[in-house]
Structures are given as structure tokens and as C-alpha cells.
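Architecture at a glance
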Amino acid sequence: RYQIIALIFDTFTASDADHLQRAIDTLWKDRVYHISISPFWLSAKQIANGEHDVSYKRFFELAKKSEAKFIFRTMHEMNGSWYSWSGDPENFKKAWKHIHELSRKTGLSQSSILFVFSSNSQDLPSKNWILNGEMIFCNPAARSRTSCIAMEDYYPGVEYVDLMGITLYNW
């Protein structure tokens, strides 16, 4: 039985790293830490090009040093239209693979960190793929008519995803 501690960060600043390290020091490393890093305001292309690498590397280096176990989520709900990394499946996949590779270059393996691909329960891209634009419900019928973007368009491949997650809002 594992005890899971979940922490959500927007970036991952030095003070965030200190906060996580204190949590690990206090709660020990026999827990599983579910960490979410959300690179707000950056596009998938910017992330793929390394514009958030400082935050990711900071987290991966702490994860390696701590020897704790991690479940890692980033760029969640990509199949909606409300996050800056949405609307660009090809660059999203490049970004995901880039982040995964950063973790491996740091020396982390699947035995210490699992990557969670976490989509929204419904495909809700916006018309013309504009961030926060008028959303469309991309069900199978709409997809055949409009080629709207759906969750599976973002999937980077089984070799880069360890767990699947889903956000289901109850409104």
C-alpha cells in the first residue's frame, strides 16, 4: 500500500523545490509524490523549444537526488481550449517527448518517475483552434465533419506515457 502526496505547481521555482524537499524530508521518501507542473502562458511549441526547461530540470534533479517515487503530470487537459499548450497536437507531442527526455538525461527511469497523460473527459477545442475561443464539442460525428482536434491527436506514444488520467468536471 502506498501513501500518495499530491502537490500542484504552476512553474517550479527554487522556493517550490524547497517546499517539495521539506515535504519529502518530513514525510519520508517511502511515499509516492504526485507532482503536477503547469507551464501557464507557454505554447506547446515554446515548451518543445525548451522555454520551461529550467523548471522541469529543477524538478527532475530534486527527484533524482531525493530517491523518492514520483507520478508526474504536466500540460494536462490539452484537449480543451483553456490552456496555452492546447490546440497544437504536433508541438504538444514534441513538447511531451522533450520533457520525457529531460527526465531520462537527469538519470530518472520508470522505476522512479511515471508520466501521466491527463486529458479532459470531453474533447472541447475552440473554433479555429484559438485559445479560449468558442468551444466545439468534438464528438465522433463532429470529428468526421470538421476534423476537430481530439485527445488521441495529442497522444505522444506508449513509450512516453506510463499512466492515463482524466479530468471529469461534475457541472
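For the structure, see preceding data.
Overview of the structure.

The rules behind each value
Residue numbers restart at each chain and count upward from 1, following the sequence in its written direction. Where local features are concerned, this predicted model is filtered to residues with pLDDT of at least 70; where side-chain atom pairs are given and counted, the filter is 80 or more; whole-chain, interface and lining totals use all residues. To get the side-chain values, all heavy atoms of the structure are used, and hydrogens and water are removed first. Following DSSP output, two strands are said to pair if at least two bridges run between them. Helix numbering and strand numbering both begin at the N terminus, where a helix is a DSSP run of H or I of at least 4 residues and a strand a DSSP run of E of at least 2. Fitted lines through C-alpha atoms serve as axes, helices being fitted only where they are in contact, and the angles separating the N-to-C directions of these axes extend from 0 to 180 degrees. Throughout, a residue-residue contact means that at least one pair of heavy atoms, one from each residue, lies within 4.5 Å. Crossings are classed by handedness, with left-handed meaning an anticlockwise turn of the near helix from the far one by less than a right angle and right-handed meaning a clockwise turn.

Focus: the sheet that holds strand β5 (residues 163-167)
Adjacent strands of a sheet form backbone hydrogen bonds with each other and so pair up, either parallel or antiparallel. Strand order in this open sheet of 5 strands is β1-β2-β3-β4-β5, and the pairing throughout is parallel. Single-partner strands in this sheet number two, and they are β1 (4-9) and β5. The sheet shows a mean angle of 25° between the axes of neighbouring strands, direction not considered. The strands that helix α3 (residues 53-66) touches are β2 (32-37), β3 (69-74) and β4 (113-120); relative to β3, the one it contacts most, it runs at about 165°. The strands touched by helix α4 (residues 89-105) within the sheet are β3 and β4, with β4 carrying the most contacts at an inclination of about 160°.

Describing the packing of α3 against α4
At a minimum axis distance of 9 Å, the contact between α3 and α4 shows a crossing angle of 40°. The two elements α3 and α4 meet at a crossing, and its hand is right-handed. The residues of α4 that touch α3, namely those facing D53, Y56, K57 and F60, are H98, I99, L102 and S103.

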